[in-house]
Amino acid sequence: MLKGKKILLCITGSIAAYKTATLVRLLVKQGAEVQVIMTEAATNFISPLTISTLSKKKVLIHIFDDDTWANHVMLGRWADVMLIAPATCNTIAKMANGICDNLLLSVYLSATCPVIVVPAMDEDMWMHLSTQRNIEHLQQFGNLILPVVTGELASGLFGPGRMAEPEKILQELESFFTKKNDLQNKNILITAGPTQEPIDPVRYLSNHSSGKMGIAIANECMVRGAKVTLVIGPTNQKIPNFNKVIQIQTAEEMLQNCKNEFANMDVAIMCAAVADYTTVEVSKNKIKKNSSTLQIELKRTKDILKYLGSIKKENQILVGFALETENEEQNAKEKLRQKNADFIILNSLNDKGAAFGSNNNKITIFDKDGDAHRFELKSKEAVAIDIVNTILKK
């Protein structure tokens, strides 16, 4: 599975670095070509001689080494994947904030290949809000984060923070390359984020959608080889370089762009939180506080999912979302039927930790064949994988 793959393994200064000897051996045994970069701190935990012997290549540590120069730009272009294992709290923080003070970080910031990060640190460091924020940033940049393992730590504590075992990392790499092309040449339309319906030049109607879930799905589809068109409302999230990004404000703008794009799509995933109502008339000037009450007349927006369902061709797949607060399953199944969708993804505001703006989500996917696919609370990146896998199985 990994034969001929170019793996750029980056080792940072964690006690877990000792596991990389086994990891390199497994990769080479699978037929991968392995080039290793080590930070200076990593050399305190495992010998570069050991790693170079196993990888059959000189280990790179410094940008300048005697009279030679390690070309960080070409290294990031040479690799099929950049694997940072173990990734310490310090290195993750530098990656998240664009700090470039060693060869590893120079390669990371100029890499054009996918990046997989395998964290390793003590429980308190892993759980710290700054580390979790940095992990979130790396995910937003499009990096894949392998989950830490709960177990005995170097400090003697027991908890989350252990680096995944070499065999698990190998399995994840094989899965990464296997699924990399399972959406090859597929055109996928995804909507994300909220819409904003103007009231006057300074005010609008909207909701709390962050766009995180839609971006995560779009990123997963892109990683798996799809040509992704993202139609997204106003958001503060960093948007990766998808094939096409259309930024809109209103529900009507989202509708028109979906109309324009849908005919050429194999799959459409409607993840955006589109306003159900918009103002009948937008005031040209700021509305003044002239009375204790204010009445604004609203009208229904056109249902984008229902419209696409009415024009959907037999070879197209349509996926919708249902955010519910009561009678969740009943409402989701009814939406599936009414909109002529192939899948409806239910999430509930009653599920703790899965609210708007959260990094996590908990979903149930209903399909038109009557099957229900239930998943536990996970990161939105992991949820995106579950969604794409479920669509592919059908």
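Structure shown above.
Here's what I pulled together on the structure shown here.

### Regarding the overall build of the protein
Okay, so step 1: A tally of regular secondary structure across the protein gives 13 helices and 23 strands.
Okay, so step 2: Its C-alpha atoms give the protein a radius of gyration of 24 Å, near enough to 21 Å, the size a compact globule of 394 residues would have.
Okay, so step 3: Across its three principal directions, the C-alpha atoms of the protein cover 75 × 50 × 40 Å.
Okay, so step 4: For the protein, with 394 residues in total, the buried portion stands at 48%.
Okay, so step 5: Sequence separation of 24 or more characterises 66% of the internal contacts of the protein that already satisfy a separation of 6 or more.
Okay, so step 6: If you sum the accessible surface of the protein, you get close to 19,700 Å²; carbon and sulfur atoms cover 48% of it.
Okay, so step 7: Once the 46 positive and 42 negative side-chain charges of the protein are each reduced to a mean point, those two points are 4 Å apart.

### Points about the packing of aromatic side chains
Okay, so step 1: Within the structure shown, the criterion is met by 1 aromatic pair.
Okay, so step 2: Geometrically, the ring pair formed by Phe176 and Phe177 is edge-to-face, given 5.2 Å between the ring centres and 75° between the ring planes. As far as the burial class goes, Phe176 and Phe177 line up, both buried.
Okay, so step 3: When the ring centre of Tyr307 is taken as origin, the NZ or CZ atom of Lys259, which lies over that ring, is 5.0 Å away.

### What about the nonpolar core?
Okay, so step 1: Judged by nonpolar contacts, the single largest core of 32 residues is most densely connected at Leu9, Leu27, Val36, Leu83 and Ile169.
Okay, so step 2: Those elements that provide at least two residues to this core are β1 (6–11), α1 (20–29), β2 (33–38), β5 (81–87), β6 (115–119) and α8 (166–179).
Okay, so step 3: It is α8 that provides the largest number of residues to this core, a total of 5 residues.
Okay, so step 4: Sequence-distant contacts of Leu9, that is, excluding residues within four places in its chain, are made with Leu23, Val24, Val34, Gln35, Val36, Ile37, Leu83 and Ala85.
Okay, so step 5: If you look at the next biggest cluster of nonpolar residues, it comprises 31 residues, including Ala192, Met213, Cys271 and Phe343.

### Let's talk about a nonpolar patch on the surface
Okay, so step 1: A surface patch of nonpolar side chains, amounting to about 370 Å² of accessible area, comprises Tyr277, Leu294, Ile296 and Leu298.
Okay, so step 2: Its place among the elements puts Leu298 in strand β17 (residues 298–300).

### Remarks on the pattern of salt bridges
Okay, so step 1: The final tally for this structure, using the stated rule, is 16 salt bridges.
Okay, so step 2: We note a salt bridge from Glu136 to Lys212, for which the minimum N-O separation is 3.2 Å. One end of the pair, Glu136, is in helix α7 (residues 129–140); the other, Lys212, is in helix α9 (residues 212–223), and 76 residues separate them in sequence. One exposure class covers both Glu136 and Lys212, and it is buried.
Okay, so step 3: Residues Glu329 and Arg374 are paired through a salt bridge, measuring 2.6 Å at the closest nitrogen-oxygen approach.

### Re the pairing of strand β21 (residues 364–367)
For a regular strand, side-chain orientation follows a simple rule: the groups alternate between the two sheet faces.
Okay, so step 1: Of the two faces of β21, the one holding Thr364 and Phe366 and the one holding Ile365 and Asp367 are both buried throughout.
Okay, so step 2: The turn joining β21 and strand β22 (residues 372–374), which pair antiparallel and follow one another in sequence, is formed by 4 residues; a positive phi near 95° is taken by Gly370.

### With respect to the layout of surface pockets
Okay, so step 1: Its volume calculated, the second largest pocket comes out at about 970 Å³.
Okay, so step 2: Those elements that place two or more of their residues in the lining of the second largest pocket are β10 (187–192), α9, α11 (304–311) and β18 (317–324).
Okay, so step 3: No other element matches the 4 residues that β18 contributes to the lining of the second largest pocket.
Okay, so step 4: Split by residue class, the lining of the second largest pocket holds 19 nonpolar, 11 polar and 9 charged.

Here is what the cut-offs are and how they apply
- Residues numbered from 1 in each chain as written.
- Predicted model: local features only at pLDDT ≥ 70, side-chain atom pairs only at ≥ 80, totals over all residues.
- Heavy atoms only, no water.
- Helix = DSSP H or I, 4+ residues; strand = E, 2+ residues; numbered from the N terminus.
- Rg over C-alpha atoms; globule rule 2.2 N^0.38 Å.
- Buried < 20%, exposed > 50% of the residue type's maximum accessible area, 1.4 Å probe, protein only.
- Contact = heavy atoms within 4.5 Å.
- Areas by Shrake-Rupley, 256 points an atom, 1.4 Å probe, with all protein chains shown as cover.
- Lys, Arg positive; Asp, Glu negative; His and termini not counted.
- Charge placed at Lys NZ, Arg CZ, Asp CG, Glu CD.
- Phe/Tyr/Trp six-rings, centres within 6.5 Å; stacked < 30°, edge-to-face > 60°.
- Lys NZ or Arg CZ within 6 Å of the ring centre and 35° of its normal.
- Core = buried A, V, L, I, M, F, W, Y, C linked by side-chain atoms within 4.5 Å.
- Patch = residues over 30% accessible without salt bridge, like charges linked within 9 Å, V, L, I, M, F, W, Y side chains within 5 Å.
- Salt bridge = Lys/Arg side-chain N within 4 Å of Asp/Glu carboxyl O.
- Pairing = 2+ DSSP bridges.
- 1 Å grid on protein atoms, 1.4 Å probe; cavity = no way out; pocket = protein on both sides within 12 Å on 5 of 7 lines; lining within 4 Å.
- Points joined across faces, edges and corners; volume = space filled by probe spheres on them.
- Nonpolar A, V, L, I, M, F, W, Y, C, P; charged D, E, K, R; others polar.

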